[in-house]
Amino acid sequence: MHELPKHYDHAAAQARCRTLWDAGRYWHAEPGDAKGGRPTFSIVIPPPNVTGALHLGHALNNTLQDVLVRMKRMQGFVTLWMPGTDHAGIATQAVVERRLLEEEKLSRHDLGRERLVERIWAWKEQYEKRILGQLRDLGASCDWDRTRFTLDERCARAVREAFFRLFEKGLVRRGKRLVNWDTFLQTAVSDDEVFHEEVKGHFWHIRYDVIDPRPGEPASVTVATTRPETLLGDTAVAVHPDPSAALDAAEAALREKLAAASVKEQPPIAAEIESIQARRTELLPALLKLAAMARDGRQVRLPLLGRTIPLVADEWAKPEMGSGCVKITPAHDPNDYDVGLRRSLPMINILNPDGTLNTEAGPYAGLTIRKARERVVADLEAAGQLEQVEDRLIDLAHSDRSKTPIEPYLADQWFIRMAEIADPALRAVEDGRVAIHPARYAKSYLDWLGEKRDWPVGRQLWWGHRIPIWHVSGVSETDLAAAFAGRDDVRWRKADDSDAFFVCSTSESLGVDAVAGRPLARDPDVLDTWFSSALWPHSTLGWPEKTAELAAFYPTTTLVTSRDIITLWVARMVIMGLFDTGEIPFKDVAIHPKILDRYGETMSKSKGNGVDPLDVIEALGADALRFGMASMATETQDVRMPVEFQCPSCGHMIEQTVQNRTKPRIDCPKCAKPFRTQWAQTPDDLALPRGPAVSERFEAGRNFSNKLWNATRFVLMNLEGYAGEDCSNGIPAGSLDALEDRWLASRLATVTAEATAAIETYRFAEAARVLYAFAWDEFCSAYLELCKPRLADPATRRQAQSMLLLGLDTILRLLHPIMPFVTEEIWQHLREAASLRRMPWDGAGRAESIMVAAWPSPPSTWVDATTERRFGTFLAVVGSIREIRSRQNVPPKTRVEVALRCSADLAALLSPMAASIESMAVATVGAIGPDTVSPPAAAGATAGGVEVFVDLAGLIDVEAEIGRISKENEKLVGLIAAKKSKLESGSFAEKAPPAVVAKEREQLAEMQGRLEKAVATLAALRGRS
RNA sequence: GGGCGAUUAGCUCAGUUGGUUAGAGCACUAGCUCGACAAGCUAGGGGUCAUAGGUUCGAGUCCUAUAUCGCCCACCA
């Protein structure tokens, strides 16, 4: 006999399974296998950044992908899950640079481009290994032989080719753009890499004097700014061209808002209206004059530098705000930049790339922004130009990567024109070729893409794909044509604003030093990380080569990702996939929720509210983590996950709160022993045992693993004498005479269909719930219990063994995508102990691993609603006996005498089940049939049309029974009254569909019958007491 | 400012096109060491489905408003 340990050992099982899977390479996909018409299924992993370790979001994302991939593989698809990591340009370089500065006090310039890139590669090797290891720990069945990296040679080739094609079509341009400049990393960053944070600041009111004011004209204008140092780059002061009309419009808008506002919102709006009215008398006359002066082309003097700058009329200056006038610094403010373009103003860049001021700033050149601000303010004050200083909270843009303030900065940038290439991507989602699940997320995709904003792709970094462009000046079109004659891997284009040429090539090196004696200079920029990410589905498969992989697996089937990168990544993949290959990159996009902590905050390492997936894997097992993840993957937007610290000494769970989550050590309130957290710094703290941050939400999965393990343990303990099935359809000889066997077969067919459909439509939580409930409540609690007496009887033993194996094996296969380790471990035990078993859906031979076992496909003829209903009656009878026992405080081992009154039909059904009732309810079943008479002292109940009598003679607490029945009757009377009034109200019976009405009547009759009987029982009991 | 979503048991969440007496896990209460499983078994308590209106024979489910919370996007001299 094959006996298992009492507890499932997840650590040992995980190690064994990984060895087995790697030995068999079951995760590997060969494109050649798809030739015989076998369907394919492919997924590319959203490549994790090599900046660090995987977090719970990754665990969720990858669990869901693996669930899909494992099911499809078992269903016989040629299944590819492409793994890989992302070089994450700016993020990775920032991390490495910061460490360099902290540990060696070196900047990237001290090291130089080549050596810095070497350092980053070393970092990448280390973290990539760790990340891939974590994915394996999670059980991800990626095709490890194909692991890619967004910066590897294959991806680089695709990047050069894609860029080249964009360049060739004139979609890559270079021009002046106002960018978010990160002065620490000295690169432009995209809007997506910027976060806003409120900081305390000031609002400075500065007076600019009008040049040669005429009588009756204002002698000065006052403007307000939070960044006084930018006045050094001012090239105008703006006033609204028609301040009177603008005030009217502002007031009208406010009045409209006031009318629609709630009572609570009204006062501040009313105050705003008042302030506008006040402005009409206090400010408007001056503004009107200024507007007229602006039309006359009058000028003001820039304080400190003394330059003369024009007064311009522009709608951007809002008369209802501030002084009504605004300084214009086109090179350092996005709105001012627009004004500058509209009014053809000069644009003066006052910053060096490192954030110090350049020579345009005159005496302030060389100062940092902070120092310059102090000096400018002091000098303004000394000059008497500073009118007022207010304290104010400022929403300041910071770089996501360096955490330093962003400076808007005018610079030459590469960008990709979206106008032409966005349309096909819009259409692909509009017409459903790319389907987003849940569908509501399609809106953010379409909205974002509809704006068709140019994509700035250059980054002034060293870590990334170098832009495949060379600059050359002083040459002619003819020189270039001569130099690159016969080369179709080279294209060039004249710069828009100079006589230089840009030369683009798909080759890594152009192979020439000079064109007509002029040197070629490689562009120093690298591409935005998202550029290589956008190519990920086709670049990993070998594009632009016409590889077998590309033919077999592209377009991929499904992309699984979280909602925050729908625009950044999903949309760009669709754009580039269509542009490069003419085909969509994937058919389905499955969006999954974000995991938040108990307060609804996003998890992050810096907040200290995160959970390390490896802690969960270690403490509860990878299957527990995965089951929890699948259960959380509902269609709602976020999932809250309360986090606890687990005391390493006593196992006690300590709720993680805002107060304790950043403490380096915590004293366990139960055992009083201290443990350390991720924040431990001092040697004393570091010496303590570590208390992992976990969540009780994963315990259900751990318990479920153990439940499956023990169900298996039971089956294996009872396999003696098992000789395999002797019929070809997998259903044991003797067919399905027993009700419970027909029921099991029916349930297996139903549950298989439900679970399969749920996974196929990305309802992972539904799949987890259905399988959990079936395995636990139906297979273990009901079927397994029923088998106990049958296994003891030689006449039924063999049938029970076969059916137990059928049920267990099916459950294992259905659960394998969600819980691969425990199901594989059990599978291997079954291979050993029950090698003769054969499932109806198995072909010849037996799978060495459950990974490649056939997905169950019970015939729909197994589904039998009548049997399921009847079995429900049986379970209800057992349930009501148990309930009576419990209420009567009958000791668990004491048998009770039971009689059942029911129709002849039901009696025929229940009689063969008597032994089962006896074993499940610790009872002795007496009479069953229509003529059954209630014992004189009995506790009664009605269950699915069966009257259950438990003889209480000698055991009972009659008063308790009277109390219970009375209480129940009260409830029943209420329900009956409600139902009656509903049926008799007239309108219900007239208007509701007949089927619904009939059902209601049926229920009413049943309730009334039940009540009558209960009243009779009550009378009998009262008579005795 | 624009868009999207959430509000159901103490906690975390399900709840299909409107139709039995609204479910699960955890937590709670009582009882249980019988050879599958105490990470378990049996039974139980606990919900005017955020609030106010409306549509309907019938609303957790549909509509309108309100409140609270969250996310995305844009903007803030």
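Procedures and definitions
Residues numbered from 1 in each chain as written. Chains lettered and ligands numbered in written order. Predicted model: local features only at pLDDT ≥ 70, side-chain atom pairs only at ≥ 80, totals over all residues. Heavy atoms only, no water. Pairing = 2+ DSSP bridges. Helix = DSSP H or I, 4+ residues; strand = E, 2+ residues; numbered from the N terminus. Contact = heavy atoms within 4.5 Å. Axes fitted to C-alpha atoms, helices over the stretch in contact; angles between N-to-C directions. Parallel < 35°, antiparallel > 145°, perpendicular 65-115°, else oblique. Left-handed = near helix turned anticlockwise from the far one by under 90°. Nonpolar A, V, L, I, M, F, W, Y, C, P; charged D, E, K, R; others polar. Buried < 20%, exposed > 50% of the residue type's maximum accessible area, 1.4 Å probe, protein only. Expected span 1.5 Å × (residues − 1). Bend = angle between axes of the 7 residues up to and from the residue. Near = heavy atom within 4 Å. Polar contact = N/O pair within 3.5 Å; in protein donor to acceptor, adjacent residues only side chain to side chain. 1 Å grid on protein atoms, 1.4 Å probe; cavity = no way out; pocket = protein on both sides within 12 Å on 5 of 7 lines; lining within 4 Å. Points joined across faces, edges and corners; volume = space filled by probe spheres on them.

Engineer: Describe the sheet that holds strand β20 (residues 501–505), and please don't skip the residues or the numbers.
Structural biologist: Strands sit in the order β19-β20-β18-β23 across an open sheet of four strands; the sheet is antiparallel. Edge strands, defined here as strands with exactly one partner in the open sheet, are β19 (490–494) and β23 (521–522). Pairing geometry for strand β18 (residues 469–472) and β20, over four bridges, is antiparallel. Looking across to β20, one finds that I469 is bridged to C504. The sheet contacts of helix α6 (residues 153–168) involve β18, β19 and β20, and relative to β19 the element is tilted by about 45°.

Engineer: Account for the packing of helix α22 (residues 699–717) against helix α24 (residues 764–792), naming residues and giving values.
Structural biologist: For the pair α22 and α24, the least separation of the axes is 11 Å and the interaxial angle reads 25°. Comparing the axis directions of α22 and α24 gives the class roughly parallel. By crossing handedness, the relation of α22 to α24 is classed as left-handed. Contacts between α22 and α24 pair A700, N703, F704, K707, L708, A711 and F714 from the former with L771, Y772, A775, W776, C780, L784, K788 and L791 from the latter. Split into classes, the residues belonging to the contact of α22 with α24 amount to twelve nonpolar, one polar and two charged.

Engineer: How would you sum up unusual backbone geometry? Please name residues and give values.
Structural biologist: Backbone geometry follows two general trends: most residues other than glycine have a negative phi, and most peptide bonds adopt the trans configuration. A cis amide bond links H437 to the next residue, P438, at an omega of -10°. In this structure, P438 sits in the loop between β15 (435–437) and α13 (442–451). In this chain, Y554 is followed by P555 through a cis amide linkage whose omega measures 0°. Within the fold, P555 resides in the loop between α17 (548–553) and β25 (556–562). Unusually for a residue other than glycine, K105 sits at a positive phi of about 55°. On the secondary structure map, K105 appears in the loop between α3 (89–104) and α4 (108–111). Judged by relative accessible area, K105 falls into the exposed class, the value being 65%. The backbone phi angle of D212 is positive, close to 50°, even though this residue is not glycine. As for its position among the elements, D212 is in the loop between β7 (194–210) and β8 (220–225). D212 gets classed as exposed once you look at its relative accessible area, which sits at 61%.

Engineer: Outline α24, listing residues and values.
Structural biologist: In this model α24 runs 39 Å from its N-terminal to its C-terminal C-alpha over 29 residues, within 8% of the 42 Å that 1.5 Å per residue would give. Where α24 bends most, at F779, the angle is about 40°.

Engineer: Provide a residue-level description of the side chain of Q65, including the pertinent values.
Structural biologist: Note on placement: Q65 falls in helix α2 (residues 56–74). Judged by its relative accessible area of 0%, Q65 falls in the buried class. Contact partners of Q65, with chain neighbours within four places excluded, come to I43, V44, I45, P46, W81 and V560.

Engineer: I'd like to hear about the protein's contact with RNA strand B, residue by residue, with values.
Structural biologist: By nearness alone, 66 residues border RNA strand B, and A224, V326, N335, D395 and R697 come closest of all. A share of 61% is what sugar and phosphate atoms reach among the atoms of RNA strand B within 4 Å of the protein. K6 places a side-chain nitrogen or oxygen 3.1 Å from a phosphate oxygen of RNA strand B. In the model, a sugar or linking oxygen of RNA strand B is placed 3.3 Å from a nitrogen or oxygen of the E696 side chain.

Engineer: With reference to specific residues and values, describe empty space enclosed by the protein.
Structural biologist: For the structure shown, the criterion picks out eight cavities of 30 Å³ or more. In this structure, the largest cavity is lined by R18, W21, D22, W27, R70, R136, G139, A140, S141 and W144. The dominant element in the lining of the largest cavity, judged by the number of residues it contributes, is helix α1 (residues 10–24), at three residues.

Engineer: Describe in detail the side chain of T556, supporting the description with residues and values.
Structural biologist: With respect to the element layout, T556 can be found in strand β25. Not counting chain neighbours up to four residues away, the residues in contact with T556 comprise S42, V44, P585, F586 and K587.

Engineer: I'd like a rundown of the pairing of β20, residues and numbers included.
Structural biologist: Burial of β20 is extensive: five of the five residues sit out of reach of the surface. Residues of β20 alternate between two faces, with F501, V503 and S505 on one and F502 and C504 on the opposite face, all of them buried. Taking the residues that link successive antiparallel strands as the turn, the β19-β20 hairpin has six residues.

Engineer: Go over the sheet that holds strand β37 (residues 946–951) with me, naming the residues and quoting the values.
Structural biologist: One key point about sheets: their strands pair by backbone hydrogen bonds, in either a parallel or an antiparallel sense. Across the sheet, four strands lie side by side as β35-β34-β37-β36; this open sheet has mixed pairing. Taken across any chain shown, the strands that pair with only one partner, and hence form the sheet edges, are β35 (923–929) and β36 (938–943). Across the sheet, the axes of successive neighbouring strands diverge by a mean angle of 20°, strand direction being ignored. Sheet analysis places β36 next to β37, joined by six bridges and oriented antiparallel. Within β37, the position partnered with A943 by the bridge is V946.

Keep in mind that these numbers describe shape and distance, not what the molecule does.
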